[in-house]
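Single-letter residue listing:
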Amino acid sequence: MKRMTLLMVAVVILAGMVGFTPPAVLHADDSGAPIFVTKIPPGYRDWRFISVSHEAGNLNSIGAVLGNDVAIAAYREGKLPFPDGTIIAALHYGHVASAENNQVFGQAQSFVPGPQTNIQFMVKDSTKYAATGGWGFATFIDGKPAPAASMKSCFPCHNQIKASDLVFTHYAP
């Protein structure tokens, strides 16, 4: 009788342990976690200047690269890898000739931002984005996240520049 009671207690304890084990989707090391950011970080337009960019070819865009306070401090201190909390924004635009400026200059030489093509973000969170070198990636077009399938190319491209913690942009002091 005593053995039967002990056996029942053991079964109840085991069942309780199994019942309170969190499901696999809640574990931090879940490799199925998205590698992309789905919300635009608030206040990004007030961040500080990091650099400008120009991408030719199919993209044919000009851009302003901005960083939050954590990003700016890391850039200024030359701190690599970037610390968690770093967020880098790239505001991309087409470019068009400025007839007004060119008239003043007397020749075709001035280009200004045209329509916005996209806004991209890199968000450093080494736990949440462990599978992608600690970075979450985002592209927003007209304020909406780009399709998840299009984001899958971000990490393989950025992963080729490990020496700069996957960041292409250098600080323009």
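What counts and how
- Residues numbered from 1 in each chain as written.
- Predicted model: local features only at pLDDT ≥ 70, side-chain atom pairs only at ≥ 80, totals over all residues.
- Heavy atoms only, no water.
- Helix = DSSP H or I, 4+ residues; strand = E, 2+ residues; numbered from the N terminus.
- Contact = heavy atoms within 4.5 Å.
- Areas by Shrake-Rupley, 256 points an atom, 1.4 Å probe, with all protein chains shown as cover.
- Buried < 20%, exposed > 50% of the residue type's maximum accessible area, 1.4 Å probe, protein only.
- Pairing = 2+ DSSP bridges.
- Arc of directions from axis to C-beta.
- Core = buried A, V, L, I, M, F, W, Y, C linked by side-chain atoms within 4.5 Å.
- Phe/Tyr/Trp six-rings, centres within 6.5 Å; stacked < 30°, edge-to-face > 60°.

Remarks on the overall build of the chain
- Check the secondary structure of the chain and you find five helices and six strands.
- Of the regular secondary structure in the chain, the N- to C-terminal order runs α-β-β-α-β-α-β-β-β-α-α.
- Looking at the chain alone, contacts between residues at least 24 apart form 52% of all its contacts between residues at least 6 apart.
- Summed over all atoms, the accessible surface of the chain reaches about 11300 Å², with 62% contributed by carbon and sulfur.

Quick word on the pairing of strand S5 (residues 135-141)
- Burial analysis of S5 places six of its seven residues in the buried class, which makes it a mostly covered element.
- Across six bridges, the pairing between strand S4 (residues 111-124) and S5 is antiparallel. When the sheet's bridge partners are listed, Lys 124 is paired in S5 with Trp 135.
- Sheet topology places S5 next to strand S6 (residues 144-145); two bridges connect them, and they run antiparallel.

A word on the side chain of His 158
- Checked against the element boundaries, His 158 lands in helix H5 (residues 154-158).
- In this structure His 158 comes out as buried when scored by relative accessible area, which is 14%.
- If we skip the residues at most four places from it in the chain, His 158 touches Met 122, Phe 137, Leu 166 and Phe 168.

Some remarks on helix H2 (residues 69-77)
- Turning to H2, its buried residues number three or more, namely Ala 71, Ile 72, Ala 74 and Tyr 75. Each buried residue of H2 lies within a common arc of 165 degrees when the element is viewed along its axis, so the set occupies one face. The outward face of H2, more than 90 degrees from its buried face, is lined by the exposed residues Asp 69, Arg 76 and Glu 77.
- Where H2 is buried, its residues touch strand S1 (48-55), strand S2 (61-67) and strand S3 (87-97).
- Taken from the residues just after H2, Gly 78 is the one with a positive phi, measuring 65 degrees.

Some points on the environment of Gly 136
- Counting through the fold element by element, Gly 136 comes out in strand S5.
- Gly 136 sits 98 residues away from Thr 38 along the chain, and the two C-alpha atoms are 9.6 Å apart.
- Ignoring any residue separated from it by four or fewer positions in sequence, one finds Gly 136 in contact with Ile 35, Val 37, Phe 121, Met 122, Val 123 and Tyr 129.

A closer look at the nonpolar core
- With 18 residues, the main nonpolar core has Ile 50, Tyr 75, Phe 82, Ile 88, Trp 135, Phe 137 and Val 167 as its most contacted residues.
- Looking at this core, the elements that each hand over two or more residues are H2, S3, S5 and H5.
- Looking at this core element by element, the count peaks at four residues for H2.
- In this view, Ile 50 contacts Val 65, Leu 66, Gly 67, Ile 72, Tyr 75, Ile 88, Thr 169, His 170, Tyr 171 and Ala 172; residues no more than four positions away in its chain are not counted.
- One finds Tyr 44, Leu 66, Ala 89 and Phe 121 within the second-largest nonpolar core, a separate group that totals 14 residues.

Brief notes about the packing of aromatic side chains
- Here the structure, examined in full by the defined rule, presents six aromatic pairs.
- Note on Tyr 44 and Phe 121: the rings are 5.4 Å apart at their centroids and 90 degrees apart in plane angle, and the pair reads as edge-to-face. With a gap of 77 residues between them, Tyr 44 in the loop between helix H1 (2-19) and S1 and Phe 121 in strand S4 connect regions that are remote in the sequence.
- By relative accessible area, Tyr 44 is classed as buried at 14%.
- Between Tyr 75 and Phe 82, the ring centres sit 5.1 Å apart and the planes meet at 65 degrees, which makes this aromatic pair edge-to-face. Summarising the burial analysis for this pair, Tyr 75 and Phe 82 share the class buried.
- Among the aromatic residues, those joined into a ring-pair cluster are Tyr 44, Trp 47, Phe 121 and Phe 140.

Shape is all these values report; function is a separate question.
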